[in-house]
Amino acid sequence: MADFSTLIVDRVGTDDRVGRITLNRPEKLNALSSELIFELNEALHDMEADDSIRVLVLRGAGRAFCAGYDLTPNPGAPGPKRRYESSDDKRRTLIMGLRTSMQQVTDIQMYFWNMAKVTVACLHGYAVAGGCELAMMADLVVAADDTQIGHPGHRGLGVARNGVIWPLVIGMRKAKELSYTGENILATEAEQIGMINYAWPKDELEKRTTAFADRLANMSADHLAILKVNMNRFYENMGIYSSVRSSTEHDAMAQFTGYAYEWRDQMIQNGFKAALEWRDGPYRGTDTYKKK
């Protein structure tokens, strides 16, 4: 496999039959930079092509699984250039350019959803915003019991690019509540509402995740792939592809709401940390999971 700047790739389990990808930007809480997203796409393709890998585990290094998209990227950092520009030569934002660049990321998320390997997302710390989007596209999700899961990006930054497929995995009332508030919930509640499979004690997470993936890997890679495709077809027939595309387009449109413009003004005038305080301040002390 290729060497990566933002990922660690290794293998675990019986006869190394479980492939593992670790998001490796711990200093940024594994925020999704352009370089990381495109390297992840390459690593997923490599693992899909390897028949000796039966199950794939995706996890994060350091204090979190992933804290979302990198909102303070380094312009000089290596990484593929977007094929479509989201602004013109007068620096005016173009909705279809923005939509198309977002769809490129959605295409990678949908590849993760549909790749011919059983996938397990292993969460700890934070799995929020783009990190939550990514985790929800795995077949199975496990987490440390104190993991915070949610999409605070709904608070003025846009909408979940793939709807975090919540309408397919949890009930309508809770899906709407989480969407309208941008609130995080703990993994223990996420397990109760069917968002994830298991919430385990933090000190047992790595061992239990490997054992879980290794148990799934008892059958051959091709047979597991058939079982996965068969299951996925039910959700695809319910419209997951059209719904995810629609969510991405709504994410692009949401960049032009009054609230989104206020967010950008805060970023420009006061900086990133102050903008976060402006965004999250009104919710502080009201988050449901902190009241329990």
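Preceding this section is the structure that the text describes.
Just so we're clear, the structure is a prediction, and the values are computed from it rather than from any experiment.

Enquirer: Give me the lowdown on the pairing of strand β6 (residues 140-144), citing residues and values where you can.
Expert: Counting buried residues in β6 gives five out of five residues, a clear majority hidden from the surface. Here β6 shows no split at all, with L140, V142 and A144 on one side and V141 and A143 on the other all buried. Here strand β4 (residues 118-123) pairs with β6 via four bridges, running parallel. Looking at the pairing, L123 lines up with A143 of β6. Note that β6 and strand β9 (residues 198-200) share three bridges and pair parallel. Pairing of A143 across the sheet is with A199, part of β9.

Enquirer: Account for the sheet that holds strand β7 (residues 148-150), with residues named and values stated.
Expert: Strand order in this open sheet of three strands is β5-β7-β8, and the pairing throughout is mixed. Two strands close off the open sheet at either side, each with one partner strand: β5 (126-128) and β8 (184-186). Each strand of the sheet is rotated relative to its neighbour by a mean of 20°, with strand direction disregarded. Pairing of β5 with β7 involves three bridges; the strand directions are parallel. Note on β7: the bridge partner recorded for Y126 is Q148.

Enquirer: An account of the side chain of E39 is needed here, citing residue identities and associated values.
Expert: In this structure, E39 sits in helix α1 (residues 34-48). There is no salt bridge for the buried E39, and the closest opposite charge comes from R25, which lies 8.7 Å off by N-O distance. Among all residues touching E39, those that are not within four sequence positions of it are F4, S5, T6 and L7.

Enquirer: Help me get a handle on the side chain of Q266, residues and values and all.
Expert: With respect to the helices and strands, Q266 occurs in helix α10 (residues 258-270). With relative accessibility at 18%, the residue Q266 sits in the buried group.

Enquirer: Before we move on, could you go through the layout of surface pockets and cite the residues and values that matter?
Expert: The computed volume of the second largest pocket comes to approximately 540 Å³. A138, D139, L140, M231 and N232 are, among the 22 residues lining the second largest pocket, the residues nearest its centre. For the lining of the second largest pocket, the elements supplying multiple residues, two or more each, are β6, α4 (166-169) and α8 (221-237). Here the lining of the second largest pocket takes six residues from α8, the largest share from any one element. Class assignment of the residues belonging to the lining of the second largest pocket gives a composition of 17 nonpolar, three polar and two charged.

Rules used throughout
Residues numbered from 1 in each chain as written. Predicted model: local features only at pLDDT ≥ 70, side-chain atom pairs only at ≥ 80, totals over all residues. Heavy atoms only, no water. Buried < 20%, exposed > 50% of the residue type's maximum accessible area, 1.4 Å probe, protein only. Helix = DSSP H or I, 4+ residues; strand = E, 2+ residues; numbered from the N terminus. Pairing = 2+ DSSP bridges. Axes fitted to C-alpha atoms, helices over the stretch in contact; angles between N-to-C directions. Lys, Arg positive; Asp, Glu negative; His and termini not counted. Salt bridge = Lys/Arg side-chain N within 4 Å of Asp/Glu carboxyl O. Contact = heavy atoms within 4.5 Å. 1 Å grid on protein atoms, 1.4 Å probe; cavity = no way out; pocket = protein on both sides within 12 Å on 5 of 7 lines; lining within 4 Å. Points joined across faces, edges and corners; volume = space filled by probe spheres on them. Nonpolar A, V, L, I, M, F, W, Y, C, P; charged D, E, K, R; others polar.

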